[in-house]
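# Remarks on the overall topology
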Amino acid sequence: MAAAAAARADVYAATKAGERLAEQHCVVCHATGSAKEAPRHDRTPSLRELAPAIEADRERYRLFLTNPHREMT
């Protein structure tokens, strides 16, 4: 049981860290909140729209985010 609680705490901490990073870096272009939130730019997907692709291939997105395209900050 302690291991499961520790794993949940780790996931929670990682989620909060990701949320802070998104608020610092991604909100310039990407909507990060509710499904009703409008995108910042016409052709920029929201993080909610990107989530399924990220879940499907986490390594690809990890590599992409460490070497973002030139328009990204």
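Residues numbered from 1 in each chain as written. Predicted model: local features only at pLDDT ≥ 70, side-chain atom pairs only at ≥ 80, totals over all residues. Heavy atoms only, no water.

## So, the overall build of the protein chain
Secondary structure summary: the protein chain contains 3 helices and 0 strands in total. The N-to-C order of helical and strand elements in the protein chain reads α-α-α. For a compact globule of 73 residues, the expected C-alpha radius of gyration is about 11 Å, and the protein chain comes in at 14 Å, more than 25% above that figure. Here the C-alpha coordinates of the protein chain stretch approximately 45 × 30 × 20 Å along the principal axes. Taken over 73 residues, the protein chain has a buried fraction of 8%. Considering only contacts within the protein chain whose residues lie at least 6 apart along the sequence, 7% involve residues at least 24 apart. Here the protein chain has roughly 6100 Å² of accessible surface; of this, 60% comes from carbon and sulfur atoms. (Helix = DSSP H or I, 4+ residues; strand = E, 2+ residues; numbered from the N terminus. Rg over C-alpha atoms; globule rule 2.2 N^0.38 Å. Buried < 20%, exposed > 50% of the residue type's maximum accessible area, 1.4 Å probe, protein only. Contact = heavy atoms within 4.5 Å. Areas by Shrake-Rupley, 256 points an atom, 1.4 Å probe, with all protein chains shown as cover.)

## What about the pattern of salt bridges?
What the rule picks out here adds up to 3 salt bridges. Residue Glu59 is joined to Arg62 by a salt bridge in which the shortest nitrogen-to-oxygen separation is 2.7 Å. Of the two residues, Glu59 and Arg62 both sit in helix H3 (residues 58–66), 3 residues apart, roughly one turn of that helix. (Salt bridge = Lys/Arg side-chain N within 4 Å of Asp/Glu carboxyl O.)

## Observations concerning the confidence of the model for the protein chain
Chain-level pLDDT for the protein chain is 81 on average; 90% of the residues reach the 70-or-more range. In the model of the protein chain, H3 stands out as the element of lowest mean pLDDT, 83, in contrast to helix H1 (residues 2–26), which has the highest, 86. (pLDDT = per-residue confidence, 0-100.)

## Some words on the environment of Ile54
With respect to the element layout, Ile54 can be found in helix H2 (residues 47–56). Separated by 37 residues in sequence, Ile54 and Ala17 place their C-alpha atoms 17 Å apart.

## Here we look at the state of the cysteines
As enumerated under the stated definition, the model contains 0 disulfides in all. The thiol sulfur of Cys26 is not disulfide-bonded, and the nearest other cysteine sulfur, from Cys29, lies at 9.0 Å. By relative accessible area, Cys26 is classed as partly exposed at 22%. (Disulfide = S-S within 2.5 Å.)

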